[in-house]
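Each chain, written out:
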Amino acid sequence: MATGLTTTAGARAERLAQAAEQNDYDTFAMSDSTPSFATPYRTHTCGELRASDSGVPARLAGWVHRRRDHGQLIFLDLRDRYGITQVIVDATQAPLAHAAASRLRNEFVVSVSGTVALRLEGTGNARLATGAIELRASEVEILAEAKTPPFYINEPDAPIDEALRLRYRYLDIRREPMLRRLLLRSRLVQAIREIHHEHGFVEIETPNLIRSTPEGARDFIVPSRLKPGTVYALPQSPQQLKQLLMVGGLDRYFQIARCYRDEDLRGDRQPEFTQLDLEMSFVDEAAVIGFVEDVAIRVMAAVVPDRPLLQVPFPRLTFAEAIERFGSDKPDLRFGMELVDLAPALTDPSGDPGSGFRVFDEALAGGGRVGAIVAPGLATASRSQTDELAELARGYGAKGLVWLAVEADGSIRSSIAKFLGPERTASVVARTGATPGDLVLVIADRPEVTADILGRLRSELGSRLGLADPNVFAYCWITQFPMYKWDKQNRRWDATHNPFSGVRPEDVDLLTTTSGDLARTAPDDPAGRARALQYDLALNGWELGGGSIRINQHDLLARSFALQGQTAAGMAEKFGAVLDAFEYGAPPHGGIALGIDRWAALLSDQTNIREVMAFPKTQSGSDLMLDAPSEPEPGQYAELGLRYVGPTRT
């Protein structure tokens, strides 16, 4: 491997040796902040050389991105993760190097020595940072040959089947789009770590083999060989562990935590995922929200500095307000199209429903909601388009969808106009604020159903109509979530987020039942009106994460668990460590968990978190590259005292 070149690594080592002899601590300090990428195979990276390096001897190593053979001259584009440099191999100047270059094909791994030279005038490539120079090769060494890849790596915009990309993920990572997203994710995590360390947080790893506890999804379980018949669970989150760290006096904890949930997959969900997990002691809701908001703002400045935030400080909406206005607890605030309550336009002065349209009147008489959204510019929608919207709404759970089109001349076209009459029809349109060219979409159902369907339609139409500026990031906080939701099947209250969430001080007295017995719960219990010290952070229509101020008092936590159907024995079995710890003095504490995968996807304009994960699973939970999950080796079940008794595998 002798090249006749003094490598950057060797020169750097020599400088540090001289600095040690001279007690030159400034040189040592500078060396820590100026990383060297030199190795025995290279003096520079493929993205490093510039016009100012003209005349410098250099050695590069990487993959052949493209090869162009012009006979006497062979042009190579040499690529590594830092960039691309053009290499010229001239048969008259370096015949041995030319012979080696003649054997090269795309994706061969090579090391090339030569001299940096300016490109001839008019031949530069402004799209490359190295586009002003080329390396004139004197030596070409083939480090590894490569088969023809199953897809083009040097064409970033080429459409490639996702299954093929996942099967050959190591090749997909070489492609510029995937590489760029993984580098962005790395910058995101780096910025998160730096900010937390600056603020006195302690980074602590929590175990991946824990006890199974109810946290809202199925656990992945791991059988224990040493204790036959028992299992560990992979953590859905480090929830109990981070609270125990607060009891332990750590005060400020964070972790880039791996979490696992055995649930159906979708674009923003994988069986294993990563979250920023943090917890703080002696804080209230405002303190946690304020810190996390500062983290988010600083992360954006570090990772995507050229892209604007819609509003700072981030808007704060109560859960009730978010549902009322947007039909969602994770609203996209980059566009309007807010929900409108049509009741005032459909009732007579006495307050009785009397619109003339039976569907509306029955919904209002039964305590339901008639709501609407306005789709700008869709008044000219064809019958097939409105039918498609109706089918979409039915897919969301609607019984039907009513529409009113405001024509360019201000007239109103609708299949229900004959029922409402001209005056009531005009009143409905006026209530929505629709203008000529707009289409009003109306849903009538129970309040929560109406809001949910309109919220989904709003999100879908916002995307279809391009209402959201794709360059803008709109964060918002959602607060004051209901403490519990009623579980009809088990006739008990369930925590809306996590079972440790605190209750707003003014609602503590609501944590009771109409029967007076915490074991006899009913849907009309006062507990159903309690609001939690829970907060979610939403970004561009995605839930980025959520957290809460926790209950830190043993008796109050036991009362909340009882409302959720936990017996004293059940509490001790599932949450014994936390309950025991709280008897030794737990500080007021709270925290949050933010999805790293979702955050990275949003910052890189992706709609699927698989696009920002190095080795994700498919929608069915399969790893196509490693062929997992797989059948165990013979004897593995027996060693664990297990045997498979499920359906026949196919």
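Novice: Explanation requested: the pattern of salt bridges in the structure shown.
Specialist: Pairing is possible between side chains of opposite charge, provided their charged atoms come close. All chains considered together, the criterion is met by 47 salt bridges. Across the pair R59 and E141 runs a salt bridge whose closest N-O atoms are separated by 3.0 Å. In this pair, R59 is assigned in strand β1 (residues 57-70) and E141 in strand β5 (residues 133-144), connecting sequence segments 82 residues apart. For R59, a relative accessible area of 2% puts it in the buried group. If you follow the salt bridges from partner to partner, you end up with R165, R169, D172, R175, R181 and E611 in one network.

Novice: Any chance you could explain the packing of aromatic side chains here in plain terms?
Specialist: Each aromatic ring pair is described using two quantities: the centre-to-centre distance and the angle formed by the ring planes. Under the criterion given, the structure shown has 13 aromatic pairs. Taken together, a centroid distance of 4.8 Å and an interplanar angle of 85 degrees make the contact between F357 and F360 edge-to-face. By the burial criterion, F357 is buried, and F360 matches it. Between F500 and F575, the aromatic rings sit 5.6 Å apart at their centres with planes inclined by 90 degrees, giving edge-to-face as the arrangement. You can see F500 sitting in the loop between β19 (492-495) and β20 (534-539) and its partner F575 sitting in helix α16 (residues 568-582), a full 75 residues away along the chain. For F575, a relative accessible area of 2% gives the class buried. Clustering of aromatic rings is evident, with ring pairs tying together F357, F360 and F419. Its end group placed over the ring of Y168, R167 keeps NZ or CZ at 4.7 Å from the ring centre. Of note, R458 hangs over the ring of F335, and the distance from its end group to the ring centre comes to 4.1 Å.

Novice: Can you help me understand the nonpolar core in this one?
Specialist: Within soluble globular proteins, side chains that are nonpolar generally end up buried alongside one another. By size, the foremost hydrophobic cluster in this structure holds 45 residues, and its most contacted members are L188, L278, V292, V299, Y475, W599 and L603. For this core, the leading source of residues is helix α8 (residues 285-303), giving nine residues. Those residues in contact with L188, other than ones at most four positions away along the chain, are V299, V303, I596, W599, A600 and L603. If you look at the next biggest cluster of nonpolar residues, it comprises 24 residues, including I373, W403, L457 and A468.

Novice: Got a minute to help me understand the side chain of T206 in this structure?
Specialist: By the secondary structure assignment, T206 is in the loop between β6 (202-203) and β7 (221-223). A polar atom in the side chain of T206 sits 3.0 Å from the side chain of Q255. Here T206 is in contact with P238, L241 and Q255, once residues within four sequence places are set aside.

Rules used throughout
- Residues numbered from 1 in each chain as written.
- Predicted model: local features only at pLDDT ≥ 70, side-chain atom pairs only at ≥ 80, totals over all residues.
- Heavy atoms only, no water.
- Salt bridge = Lys/Arg side-chain N within 4 Å of Asp/Glu carboxyl O.
- Helix = DSSP H or I, 4+ residues; strand = E, 2+ residues; numbered from the N terminus.
- Buried < 20%, exposed > 50% of the residue type's maximum accessible area, 1.4 Å probe, protein only.
- Phe/Tyr/Trp six-rings, centres within 6.5 Å; stacked < 30°, edge-to-face > 60°.
- Lys NZ or Arg CZ within 6 Å of the ring centre and 35° of its normal.
- Core = buried A, V, L, I, M, F, W, Y, C linked by side-chain atoms within 4.5 Å.
- Contact = heavy atoms within 4.5 Å.
- Polar contact = N/O pair within 3.5 Å; in protein donor to acceptor, adjacent residues only side chain to side chain.

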